[in-house]
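Residue strings, one per chain:
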Amino acid sequence: MTKADILLGLQWGDEGKGKIVDVLTKSYDVIARFQGGPNAGHTLEFDGIKHVLHTIPSGIFHQGAMNVVGNGVVIDPIIFCKEMDQLLAINDSCGDRLWISRKAHLILPTHRLLDAASEAAKGKMKIGSTLKGIGPTYMDKTGRNGLRVGDAELPDYMERYQALKNKHLKLLAGYDFEPPFDLDENETLWLAAVERLIGMQIADSDVMIQEAIKTGKRILAEGAQGTLLDIDFGTYPFVTSSTTTAAGACTGLGLAPNRIGEVYGIFKAYCTRVGSGPFPTELNNETGQFLRDKGHEYGSTTGRPRRCGWLDMPALKYAVDINGVTQLMMMKADVMSGMDEISICTSYKYQGKQVTHLPYGLDADLVEPNYLTMPGWSEDLTSESKHSNLPLALKDYIAFIEAETGVPVVLVSVGPDREQTLWKEATS
Ligand code: GDP
Ligand code: IMO
Ligand code: MG
């Protein structure tokens, strides 16, 4: 028996999960996505080409790995097929190494309409959803109304589809909003995409994962979004609708908790957030703009500018604890080159008291971050090939994070390419 390792984001998503899953894939037999759906945009880069994946696991570019879309994922068949076509154009064998869970839920066109209607109705309180239908699909899942991939293989599939669609139409009638697309047109595309989807390798992925564990296969579970977007532990209600934390790998793949091995926690050297919600260390100034410009901080799925800010240590420590992170990986250290000083939020003033934990409410009227300032570094890191050559100021920054979290930072990423990845050398 083996244990499955998990890789997940510790902030508000877009930490660089796709890049690192791709880097790690050569050491694994199975790469399995456990939650989220096309709200995710996982970027990886090699041979000068950038690839963005939304639902398909980031191990797909390696010949040797099986890629599994787990039961915890929600699938929009249209987006899935489009993504598949892009991959097939690059490599016609990638379909052979991809399996899709029968128990994964389908995102219907009417789920997307409900997402748009709900966001419009929220006005100022809108979540800033990616409008991919994620929330309504998970609501139908927990409400026990959802349509799963396996249902599309059953004789009464069209009746099930119609029943759910009709339920949605009744709900939509209660909203006053401008539909973002034509439903009939979209439905035709959707039904064709479902047909194509069920012609792919549909699997009892939970059983597959169990078999893989029993036969000693090395499994890497790939998370989407990030810990602060978790439905329970994130900055609720400005979160996504799934369990983005390590527990989500158990429910989203059928993985027993005692079968979890390493938990790789990915974080940016600073923080970003796309969409609404509190962000105490946000920099609404030229420093924030510097990070956005230099880090190309624009959403991989929606193209929206990402909000940028300093590293938030209470939030990072919380994420490390919630997930049981065993190894940390720091992304985008290259983006911070050229700053005279960098700040880290080390504690908060919360409702008048000093606290070092992540407080319940993070709105600006409740919390004020306290910062520690450290010297920055100016060296261009993008062509650096050895961790030991990293600037002293960056090493100090990393040492501070390790001391605060109690977890080693085993990798520093210095650019988007696969090759721009520096593993900490073992010290003898
Ligand atoms: P994910 O959702 O966690 O997979 O992250 P995204 O792909 O949405 O966003 C990360 C972005 O940063 C992508 O554009 C990556 O190509 C890029 N990226 C990843 N690591 C690094 C890095 O170390 N330095 C720089 N400059 N860019 C990086
Ligand atoms: P990856 O996997 C960053 C954000 C949205 C919005 C909130 C809810 O690429 O890191 P949803 O569409 O899920 O209802 O949106 O969550 N969000 C993400 N932000 N990266 C993501 O995924 C995200 N997926 C959702 O911007 O604020
Ligand atoms: Mg992303």
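Per chain, residue numbering runs from 1 following the sequence as it is written. For naming, the first written chain is A and the first written ligand is 1, with later ones following in the order written. Reporting of local features is limited, given that this is a predicted model, to residues whose pLDDT is at least 70; pairs of side-chain atoms are given and counted only at 80 or more, and all residues count toward the totals for whole chains, interfaces and linings. To obtain the side-chain values, all non-hydrogen atoms of the structure were included, while hydrogens and water were left out.

### Notes on the pattern of salt bridges
The term salt bridge refers to a pairing of a side-chain nitrogen on Lys or Arg with a carboxyl oxygen on Asp or Glu at a separation within 4 Å. Under the criterion given, the structure shown has 18 salt bridges. Residue Arg102 pairs with Glu153 through a salt bridge whose shortest N-O separation is 2.6 Å. Of this pair, Arg102 sits in the loop between β7 (98-101) and β8 (105-106) while Glu153 sits in the loop between α4 (134-142) and α5 (157-172), placing them 51 residues apart in sequence. Look at Arg102 and you get partly exposed, because its relative accessible area is 27%. Helix numbering and strand numbering both begin at the N terminus, where a helix is a DSSP run of H or I of at least 4 residues and a strand a DSSP run of E of at least 2. Each residue gets one of three labels from its accessible area relative to the maximum for its type: buried under 20%, exposed over 50%, partly exposed in between, using a 1.4 Å probe on protein chains only.

### Comments concerning the coordination of the magnesium ion (ligand 3)
The protein atoms that coordinate the magnesium ion (ligand 3) are Asp14 (OD) and Gly41 (O), at distances of 2.0 to 2.2 Å. Here Asp14 is found in the loop between β1 (4-9) and α1 (17-24), whereas its partner Gly41 is found in the loop between β2 (30-33) and β3 (42-46), with 27 residues between them in sequence. Taking relative accessible area as the criterion, Gly41 reaches 10% and is therefore assigned buried. Metal sites are built from N, O and S donor atoms within 2.8 Å, or 3.2 Å for Na, K and Ca, and they leave out water, so they may look incomplete.

### Here's the deal with the packing of aromatic side chains
Two numbers describe a pair of aromatic rings. These are the distance of the centres and the angle of the planes. Planes of paired rings set the category: under 30 degrees apart is stacked, over 60 is edge-to-face and the rest tilted, where pairs are Phe, Tyr or Trp rings (Trp by its six-membered ring) whose centres lie within 6.5 Å. In total, this model carries 4 aromatic pairs according to the counting rule given. Here the aromatic rings of Trp12 and Phe279 are separated by 4.9 Å at their centres, their planes lie at 55 degrees, and the arrangement is tilted. A residue pair is termed long-range when its members are at least 10 positions apart, and Trp12 in the loop between β1 and α1 and Phe279 in the loop between β12 (271-273) and α9 (286-294) qualify at 267 residues. On the basis of relative accessible area, Phe279 is assigned to the buried category, the value being 7%.

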